[in-house]
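# An overview of the molecular structure
Next come the chains, spelled out residue by residue.
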There are 2 protein chains.
Amino acid sequence: MNNNIITTRVNYVLIGFGALFFAALVDATEKGWEVGTRMLPNPAGSSEELRKSIAATPQPDVKRSKMFLQNTDATDWENLKALRAASRGKAALQLAENLKVAVERQDINDVTVRRITPQEIDPKFKDAVFLYLHGGAYVFGGGDASIGEAAIIANSAKISVISVDYRMPPTSPFPAAVDDVVTVYRHLLKTVPAQAIAIGGTSAGGGLALSAVHKFISLGLPTPSAIYAGTPWADLTKTGDSLFTNEGIDRVLVTYDGSLGAAAQLYAAGHDMKDPLISPVYGDFVGFPPTYFVTGTRDMFLSDTSRVHRKLRTAGIVAELNVYEGMSHAGYAFNLRSPESKQVYSELRNFLVAHLE
Amino acid sequence: MNNNIITTRVNYVLIGFGALFFAALVDATEKGWEVGTRMLPNPAGSSEELRKSIAATPQPDVKRSKMFLQNTDATDWENLKALRAASRGKAALQLAENLKVAVERQDINDVTVRRITPQEIDPKFKDAVFLYLHGGAYVFGGGDASIGEAAIIANSAKISVISVDYRMPPTSPFPAAVDDVVTVYRHLLKTVPAQAIAIGGTSAGGGLALSAVHKFISLGLPTPSAIYAGTPWADLTKTGDSLFTNEGIDRVLVTYDGSLGAAAQLYAAGHDMKDPLISPVYGDFVGFPPTYFVTGTRDMFLSDTSRVHRKLRTAGIVAELNVYEGMSHAGYAFNLRSPESKQVYSELRNFLVAHLE
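Residues numbered from 1 in each chain as written. Chains lettered and ligands numbered in written order. Predicted model: local features only at pLDDT ≥ 70, side-chain atom pairs only at ≥ 80, totals over all residues. Heavy atoms only, no water.

## Thoughts on the pattern of salt bridges
- Within the structure shown, the criterion is met by 24 salt bridges over all chains.
- Close ionic contact of A:Lys52 with A:Glu48 constitutes a salt bridge, the shortest N to O distance being 3.3 Å. With a gap of 4 residues between them, A:Lys52 and A:Glu48 both fall in helix H2 (residues 48–55), about one helical turn apart. There is no split in this pair, since A:Lys52 and A:Glu48 are both exposed.
- The salt bridge involving B:Glu347 is made with A:Arg310; its shortest N-O contact spans 2.5 Å. Taken together, the residues B:Glu347 in helix H12 (residues 339–355) and A:Arg310 in helix H10 (residues 302–314) connect one chain to another.
- Note on B:Glu347: relative accessible area 6%, which makes it buried. (Salt bridge = Lys/Arg side-chain N within 4 Å of Asp/Glu carboxyl O. Helix = DSSP H or I, 4+ residues; strand = E, 2+ residues; numbered from the N terminus. Buried < 20%, exposed > 50% of the residue type's maximum accessible area, 1.4 Å probe, protein only.)

## A closer look at the pairing of strand E4 (residues 111–117) of chain A
All names here are of chain A.
- Across the 7 residues of E4, 5 count as buried, placing the element largely inside the fold.
- In terms of strand pairing, strand E3 (residues 102–108) meets E4 through 7 bridges, oriented antiparallel. When the bridges of E4 are listed, Glu104 appears paired with Arg115.
- Count of turn residues in the E3/E4 antiparallel hairpin: 2 residues, of which Asn109 carries a positive phi of about 45 degrees.
- Relative to strand E6 (residues 160–164), E4 runs antiparallel, the two being bridged by 4 bridges. (Pairing = 2+ DSSP bridges.)

## Description of the confidence of the model for chain A
- Averaged over every residue, the pLDDT of chain A is 92; residues scoring 70 or more account for 92%.
- Interface confidence for the predicted complex, given as ipTM, is 0.92, next to a pTM of 0.92. (pLDDT = per-residue confidence, 0-100.)

## Focus on the sheet that holds strand E8 (residues 226–230) of chain A
Residue and element names in this part refer to chain A.
- Reading across the sheet, the 8 strands line up as E3-E4-E6-E5-E7-E8-E9-E10 and stay open at both edges, with mixed pairing between neighbours. With one partner strand each, in any of the chains shown, E3 and strand E10 (319–324) form the two edges of the open sheet. Ignoring which end each strand starts from, the neighbouring axes of this sheet average 20 degrees apart.
- Here 5 bridges tie strand E7 (residues 197–202) to E8, and the two strands are oriented parallel to one another. Across the sheet, residue Ala198 finds its bridge partner in E8, namely Ala226.
- The strands touched by helix H6 (residues 176–189) within the sheet are E3, E4, strand E5 (129–133), E6 and E7, with E5 carrying the most contacts at an inclination of about 175 degrees. (Axes fitted to C-alpha atoms, helices over the stretch in contact; angles between N-to-C directions. Contact = heavy atoms within 4.5 Å.)

## Concerning the side chain of A:Thr245
- Following the sequence through the fold, A:Thr245 ends up in helix H8 (residues 241–245).
- Taking relative accessible area as the criterion, A:Thr245 reaches 1% and is therefore assigned buried.
- Residues within four places of A:Thr245 in sequence aside, it is in contact with B:Arg38, B:Leu40, B:Thr245, B:Asn246 and B:Ile249.

## Let's talk about helix H5 (residues 148–157) of chain B
- Of all 10 residues in H5(B), 8 are buried, a share of seventy percent or more.
- Here H5(B) has its buried residues at B:Gly148, B:Glu149, B:Ala150, B:Ala151, B:Ile152, B:Ile153, B:Ala154 and B:Ala157.

## Structural notes on the packing of H5(B) against H12(B)
Residues and elements named next belong to chain B.
- Contact pair H5 / H12: the axes reach a minimum separation of 9 Å and the direction vectors enclose 65 degrees. In this structure, H5 meets H12 at a crossing whose hand is right-handed. Facing Glu149, Ile152, Ile153, Ser156 and Ala157 of H5, the residues of H12 in contact are Tyr345, Leu348, Arg349 and Leu352. (Left-handed = near helix turned anticlockwise from the far one by under 90°.)

## Focus on the environment of B:Tyr332
Residue and element names in this part refer to chain B.
- The topology assignment puts Tyr332 in helix H11 (residues 331–334).
- Taking the relative accessible area as the measure of exposure, Tyr332 reaches 0% and is therefore buried.
- A C-alpha to C-alpha distance of 33 Å links Tyr332 and Ser218, two positions 114 residues apart in sequence.
- Leaving out residues up to four positions away in the same chain, Tyr332 has contacts with Glu149, Thr202, Tyr228, Gly230, Thr231, Val294, Met327, Ser341, Val344 and Tyr345.

## A closer look at the sheet that holds strand E4 (residues 111–117) of chain B
Residues and elements named next belong to chain B.
- Strand order in the open sheet formed by 8 strands is E3-E4-E6-E5-E7-E8-E9-E10, and the pairing between neighbours is mixed. The open sheet terminates on both sides in strands that have one partner only, identified here as strand E3 (102–108) and strand E10 (319–324). For this sheet, the mean angle separating the axes of adjacent strands, direction not counted, is 20 degrees.
- Sheet topology note: the strand E9 (residues 291–296)/E10 ladder contains 6 bridges and is parallel. From the neighbouring strand, Thr291 faces E10, where its bridge partner is Ala319.
- Along the sheet, helix H7 (residues 204–218) contacts strand E5 (129–133), strand E7 (197–202) and strand E8 (226–230); its crossing angle with E7, the most-contacted strand, is approximately 140 degrees.

## Quick notes on H12(B)
Residues and elements named next belong to chain B.
- Its 17 residues place the ends of H12 24 Å apart at the C-alpha level, agreeing with the 24 Å of an ideal helix rising 1.5 Å per residue.
- What H12 keeps buried is the set Glu340, Ser341, Val344, Tyr345, Glu347, Leu348, Phe351 and Leu352. The buried residues of H12 occupy one face: seen down the axis, they fall within an arc of 165 degrees. Along H12, exposed side chains directed more than 90 degrees from the buried face belong to Lys342 and Ala354. (Expected span 1.5 Å × (residues − 1). Arc of directions from axis to C-beta.)

Here it is as structure tokens:
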């Protein structure tokens, strides 16, 4: 190869790297980049079960998803909640039956909870309680649907679970959910030491767990001994980097601009969305208990999850972050037979064993 | 709002969710999705320093980057290596001077190493050694450039570092690099117990550290007591999900199809790229020491990093995964004044304190 070609190539490469690392401030704006199209193959590094599930899923449709729940009024929300509650509640009851957990509905100072008792309780957990908070964007997932993941955790960790059917909008926006968790937690503390209580959930449930612990600390209550933050909705504002990088890639959330943004507005109901009791990532994490995080490479809440993890680590708190290959938001909770799901719940059990007394 | 509109909306939403969760196997192929364009703002959740750095960077140019190092012959590679070595070597020497570390070049059984000694050594580390392996896609980063991150670690962790100037292609492809690390490690073990040795590096250096530990185990050598796997190139094949999700988003790597893929071919030199000594993610991680991982939401090696982390965790190994908001591949090593970079190295120090004896 002649020297001209080499020199040209080398210059070209140097220009490329020079531009990258030593760019002058010619473009020091905040406008961002328009990222082009790309081919996204089925993730070869995921389990066969996850790959099959992705292959069976239509590609996420960003345009259509952006139309979800726009200009929805209170009656619309209530109707949609009722419709979803029916199908998801039925599925959750079926799951509880399959897992042979007992479900008992109770009221604790006007807050509805469901006690979920597995067939076998680990002797280590005979006096322990997992305080479970369901997901559903702070709007959905209440009623019998709140049994779903709670039953999985009761069964896999062999622990008693109390799932809080906290109040939700449109009738009861923020701070009703946080208040209901505080009510149940205060009640629990009368008979169970904080050292034997874990708290957590997935998505809004993970976010609410983090917000609730902020609230417990501000009230001077002892903190639970472990948090399960499954892909927590830790920032209701449109901030997390992965909201953008994974738009149209996350097959569950798809885009912030449809139902997520609408639900955030409905829940915050005019309060500052950066209030740590709404978006817990903005809080101070000193004094937090050990926390177990789960997310995926395709999860739009990868950033919400990893930003809170970083805050805990810089505060010196024990925190475990796990990122699953090719997984969209909360995929482990939908695809229970996948190895990924089994890992999530068996490692949650190990985490509880390590941190509950 | 009238009932027709509600019903239509609700049906629409149900169709959407039904399609998502209960799709029939109409599209059960592996062809993947073409993901459309999206706006990617400067990440508001990153530090001001990182945001400024991103704002000052031209948008990654995928088309141009795909042309890097295609059809490059041995002479081209050598010329390019020499050019880069000159500029990066000079920068690394300057960094060592700024950090006031002493650098001493030595040969260990024909392998060149540089001993990097900080001004102050932590009493806990008086007999300890950090075996550092430089990055540079298994082609670049040798010579004086191999001092760079090694000097940062020596200074921030207050530990003696030996940086291995391992042989590289085009003259010495795989397994020369692994063999050189083994040579140095065997020599070290004569005077330093494995309990006082850590190994690691960034990018190819992180991947090589993981491969080397696979090799140590197969040779029956004791393992080092801690690994630093900074965004490790753990899979040289085009497999990791984030190679695709973050193409054109990672401002350092940009795309696999340019220099990365070319370097992978050059290094593997016809060997099976799924050999765990080339792509360590494919190995068995039983017996591995505690490992500290770093990556970012924009890192094309997010998947390489998190896949190895998952393998370690399922093998029951202590492993810490950290994902930095808005960070591209190895951004912490380029932007030393950013809070992200300070966190990476101060937590690496804490990790070494916890796991070295």
